[in-house]
Amino acid sequence: MSIPVSPRPESLLGASAEVEALGLAETPFQQVWRTFRKDRLAMASLFVLAALFAFALVGKLLTEWWVVFDPATVRLPDKLLPPLSAPSSHLSKALLPPFHLYPLGTDELGRNVLARMLQGAFVSLSVGLVAVSISMAIGIFVGGLAGFYGQRRVLFVSIDTWLMRFTDVVLCFPTFFLILTVVALLPPSIYNIMIVIGITSWMGTARFVRAEFLALREQDFVIAAKALGFSESRIIFRHMVPNAMAPVLVSATIDVARAILTESALSFLGFGVRPPFATWGNILADGRTYIFDAPWLFVIPGSAILVVVLAFNLVGEGLRDAMNPKLRKRAS
Amino acid sequence: MWRYLARTIAQRLLLLIVISMVSHAVIHLAPGEPSQVDPMNPMMKAADIARIRQSFHLDDPLYLQYVHWLRDLLTGELKSFRDGSPVVPRIWGRFLNSLPLFLCTTLIVWTASFPTGIQAALRRGSVYDRSTTLIAYTLISIPGFFLAYLLILGVVRIFHLPVIGLHTFGTEHANGLRRAMDRLWHLVIPSVMAALTGIAVLSRYVRSQMLEVLEQDYVRTARAKGLSEERVVYGHALRNALLPFVTLFGFLLPGLISGSVIFEQIFAWPGLGLLGYEAILSRDFPMILTLNFMAAALTLFGILVSDILYALVDPRIRLE
């Protein structure tokens, strides 16, 4: 990869004249964006992610709604063709791939790999995003409860202690092993995988949110909101949650990457998403059988996962740097 | 100090029991039972299934099954559902296989990441720093088995390293030295593979710790009083940067069981991870539960060890 690497963003912020000129008129989002934009690696990754979302949407469109690429068409005469090869002359007209070309080759059943990658992009991405949404929802709920109502007591022990000890309990489970156990025992379904990954990865979010809430409780604007007699739900959701989101957003971005990797690891062990759905993970896991005869079946999905996960990780790191007030010079 | 120890150990034991209850409930409440592993087998009659269920206590209420499991575990009579072999000795045997791999991996990770991370921090922004950063992120982002398969292809052709199992077939009767060398030889590739991700993560962490410490006042003071750069970096900065890594030591332990499922599967390494994987496939509840229990116990023990180490290393922290 030849993405240019920028110097760390903080070194670029020495230009204080520019910072001062921008003054107080910036929203926090603009502040973060200004720092983020200067991290060239993170910006390149952001473009990769935008391309990925476009690819996934186009994939959904062209494989399900307006079927140009049918990932399920089996063409046995054309099995294991390398990328950019033309279909053989034995095919009936209805089976011909679009443009009479297999841009990424065919697999062991003669299915068009590009069609499967297009379909898989949407599924892989939704596994990651849904799993992370579940874990964020649980994490914000548990962390917020412990941070806001922590002092109240239930059965002689404070809510904070109950919830945080519970978090410790879940943290003590060997995560991947637990996912494996539950996925193996439950009936195979893509939704179960999303839910299980979500349920086993909320602990970090809960801890971040709790820590942020504990700090925010003492801040003047929260005390002011209380003095104005706002309802608790308004204080929590309008005033505290948005201010606690920075670390959550960073860890969510990195968790999407982790969920995609977990899905491919599950596929490797044979517990992944089942055949009607193609995901990048199970295309890769199936492709390893043909690593000598048809290396593209292994290398293409593997590199695709690598690039996407790398992009999520780098965007996450870029966000972390941009949101870190230590690194970002305050405009005020 | 001793009161603190007694209290935390008591708390941790309680936590361990809660964890074992929860995992017991999760595994037993999830659909799929040992008696249903082979539903298509025509030899399995309803009477057989009933007999199996009865001998495994699967018809008892849940709390009674838990008591049975705990009693059998403590008296050492716990038997595997799959073949009736005692669970604890089998886990011990597999543990002895996993241990060299784990030790070797840990050794590689910790010896390789410190120099890499420290150099990256010292030469911040240089080509070296930027390229190790990118390599580290790539290693973190690559699916482990994808990288392993690609590297196996190259390594087997070029270096003729063995990539399957613990030892070469037919060397059981060779002399001790030869057998030891053979086992070491088999250890090379799996441990290097398993270490790569670890090196990437840890060296990043070393780098950010060092960066933080290098900006401290005492480092500037050390430089100002004219100490050699060597002394400043290794004597003053590194020693302080090391503190948080003591905590990491504790979190290493559970990796012994769960961290290596994928790699043990790839290299057919008969360790604990593979044992767990086989147990899950065959719904071998006692085995799964015991492994889960041991992993949780190791985690809790690891946290305790790191707490104590932290107090020993950092005089500012006192265990109360």
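What counts and how
- All residue numbers refer to positions counted from 1 along the written sequence of the respective chain.
- Each chain takes a letter, starting from A, and each ligand takes a number, starting from 1, following the order in which they are written.
- Local features in this predicted model are restricted to residues of pLDDT 70 or higher, and side-chain atom pairs are both shown and tallied only at a pLDDT of 80 or more, whereas totals for entire chains, interfaces and linings draw on every residue.
- A helix here means a DSSP run of H or I that spans at least four residues, while a strand means a run of E at least two residues long, and both kinds are numbered starting from the N terminus.
- Think of it as a crowd count around each C-beta: if 20 or more other C-beta atoms lie within 10 Å the residue is buried, if 12 or fewer it is exposed, and in between it is partly exposed, with C-beta placed from the backbone throughout.
- By the criterion used throughout, residues are in contact when their C-beta atoms, derived from the backbone, lie within 7 Å.
- Polar here means any residue outside two lists: the nonpolar Ala, Val, Leu, Ile, Met, Phe, Trp, Tyr, Cys and Pro, and the charged Asp, Glu, Lys and Arg; Gly therefore counts as polar.
- To form a nonpolar core, buried Ala, Val, Leu, Ile, Met, Phe, Trp, Tyr and Cys residues must be joined through C-beta atoms within 7 Å.
- Here the expected span of a helix is defined as 1.5 Å times the quantity of residues minus one.
- A residue's bend is simply the angle between two axes: one fitted to the seven residues ending at it, one to the seven starting at it.
- You can read pLDDT as the predictor saying how much it trusts each residue, on a scale of 0 to 100.
- Interaxial angle, 0 to 180 degrees, is taken between N-to-C directions of lines fitted to C-alpha atoms, where a helix line uses only the stretch in contact.
- Angles below 35 degrees are treated as roughly parallel, those above 145 as roughly antiparallel, those between 65 and 115 as roughly perpendicular, and all remaining angles as oblique.
- By convention the crossing between two helices is left-handed if the near helix lies anticlockwise of the far one by an angle smaller than a right angle, and right-handed if it lies clockwise.

S.K.: Sorry, what's going on with the overall build of chain A here?
M.R.: Regarding its fold elements, chain A presents 13 helices and two strands. Burial status across chain A gives 44% buried among its 332 residues. Put simply, of all contacts in chain A between residues at least 6 apart along the chain, 70% involve residues at least 24 apart.

S.K.: Which parts of the structure should I look at to understand the overall build of chain B?
M.R.: Helix and strand counts for chain B come out as 14 helices and zero strands. In chain B, the succession of helices and strands from N to C terminus is α-α-α-α-α-α-α-α-α-α-α-α-α-α. When its C-alpha atoms are laid out on the principal axes, chain B stretches across 85 × 60 × 40 Å. Residues classed as buried in chain B amount to 31% of the 320 residues present. Pairs at least 24 residues apart make up 71% of the contacts formed inside chain B by residues separated by at least 6 positions.

S.K.: Teacher, can you tell me more about the interface of chain B and chain A here?
M.R.: How big an interface is tends to be reported as the loss of accessible area on association of its parts. Contact residues are listed per partner, giving 39 residues for chain B and 34 residues for chain A. Of all the secondary structure elements, the ones that give two or more residues to the side of chain B that touches chain A are α1 (2-29), α5 (127-141), α6 (144-159), α11 (255-258), α12 (261-266), α13 (272-281) and α14 (285-313) of chain B. By residue number, the principal contributor to the side of chain B that touches chain A is α1 of chain B, which donates seven residues. Looking at the side of chain B that touches chain A residue by residue, the class counts come to 27 nonpolar, 11 polar and one charged.

S.K.: Explain the nonpolar core to me, please; I cannot follow it from the model alone.
M.R.: Here is a general trend for soluble globular proteins: nonpolar side chains tend to be buried in one another's company. Met 117, Leu 180 and Val 183 of chain A are the most contacted members of the largest nonpolar core, which totals 149 residues. Sort the elements by how many residues they give to this core and helix α5 (residues 113-148) of chain A lands first, with 18 residues.

S.K.: Explain helix α11 (residues 232-268) of chain A here, please?
M.R.: An α-helical segment advances 3.6 residues per turn. Residues three or four places apart therefore align on the same side. All names here are of chain A. A rise of 1.5 Å per residue sets the reference length of α11, with its 37 residues, at 54 Å; its end C-alpha atoms lie only 47 Å apart and thus fall more than 12% short of the reference. Approximately 50° is the largest bend angle found in α11, and it occurs at Ala 246, with the proline Pro 247 only one to four residues beyond. Remark: Gly 270 follows α11 within two positions and exhibits a positive phi of approximately 90°.

S.K.: Any chance you could explain the confidence of the model for chain B here in plain terms?
M.R.: Should pLDDT be low for a region, the predicted coordinates there are not to be read in detail. Residue and element names in this part refer to chain B. In the predicted model, chain B carries a mean pLDDT of 82, and 94% of its residues have values of at least 70. Predicted confidence in chain B is weakest over α11, with a mean pLDDT of 72, and strongest over α5, with 90. Across the whole predicted complex the pTM is 0.83, and at the interface the ipTM reaches 0.82.

S.K.: Honestly, the environment of Phe 208 of chain A in this entry has me stumped. Any pointers?
M.R.: Position of Phe 208 of chain A relative to the elements: it lies in helix α9 (residues 203-217). Beyond its immediate chain neighbours, meaning those up to four positions away, Phe 208 of chain A contacts Gly 143, Pro 247, Val 248 and Ser 251 of chain A.

S.K.: Would you explain unusual backbone geometry in this entry?
M.R.: In the Ramachandran plot, Ala 268 of chain B falls in the positive-phi region, its phi being about 50° despite a non-glycine side chain. For Ala 268 of chain B, the position within the fold is in the loop between α12 and α13.

S.K.: Just to check I follow, could you spell out helix α8 (residues 190-199) of chain A for this structure?
M.R.: Inspection of α8 of chain A places Ile 193, Met 194, Val 196, Ile 197 and Gly 198 of chain A among the buried residues, and these make up the whole buried set. Close packing links the buried residues of α8 of chain A with α5, α7 (175-185) and α11 of chain A.

S.K.: Even after reading the chapter, I still don't get the packing of α11 of chain A against helix α13 (residues 296-323) of chain A, so can you show me in this structure?
M.R.: Helix packing for two helices is described by the angle between their axes and how far apart those axes are. All names here are of chain A. Packing of α11 against α13 leaves a shortest axis separation of 8 Å and a crossing angle of 165°. As summarised for this structure, α11 and α13 are arranged roughly antiparallel, according to the angle between their axes. As for the relative orientation of α11 and α13, their crossing is left-handed in sense. Contacts between α11 and α13 involve Ala 246, Leu 249, Val 250, Thr 253, Ile 254, Val 256, Ala 257, Ile 260, Leu 261 and Ser 264 from the first element and Ile 305, Val 308, Val 309, Phe 312, Asn 313, Val 315, Gly 316, Leu 319, Arg 320 and Met 323 from the second. Partitioned by chemical class, the residues of the contact of α11 with α13 number 15 nonpolar, four polar and one charged.

S.K.: What's the story with the environment of Leu 103 of chain B in this structure? I'm lost.
M.R.: Inspection of the secondary structure puts Leu 103 of chain B in helix α4 (residues 87-122). Note: C-alpha distance between Leu 103 of chain B and Leu 256 of chain B (153 residues apart in sequence) is 9.1 Å.

S.K.: Explain the confidence of the model for chain A here, please?
M.R.: Of all residues in chain A, 89% attain a pLDDT of 70 or more, and the chain-wide mean is 80. Scored below 50 in pLDDT, residues 1-17 of chain A shows 23 contacts in the model against residues more than four places distant or in partner chains.

S.K.: Quick question: what am I supposed to make of the environment of His 239 of chain A here?
M.R.: All names here are of chain A. The residue His 239 is located in helix α11 in this model. C-alpha of His 239 to C-alpha of Phe 221: the two residues are 18 residues apart in sequence and 8.1 Å apart in space. With residues near it in sequence (within four places) discarded, His 239 still touches Phe 221, Val 222 and Ala 225.

S.K.: Is there a simple way to think about the packing of helix α10 (residues 220-227) of chain A against α11 of chain A in this case?
M.R.: Residue and element names in this part refer to chain A. Where α10 contacts α11, the axes come no closer than 11 Å and their chain directions differ by 155°. Taken together, the axes of α10 and α11 lie roughly antiparallel to each other. The two elements α10 and α11 meet at a crossing, and its hand is right-handed. Contacts between α10 and α11 involve Phe 221, Val 222, Ala 225 and Lys 226 from the first element and Ile 235, His 239 and Met 240 from the second.

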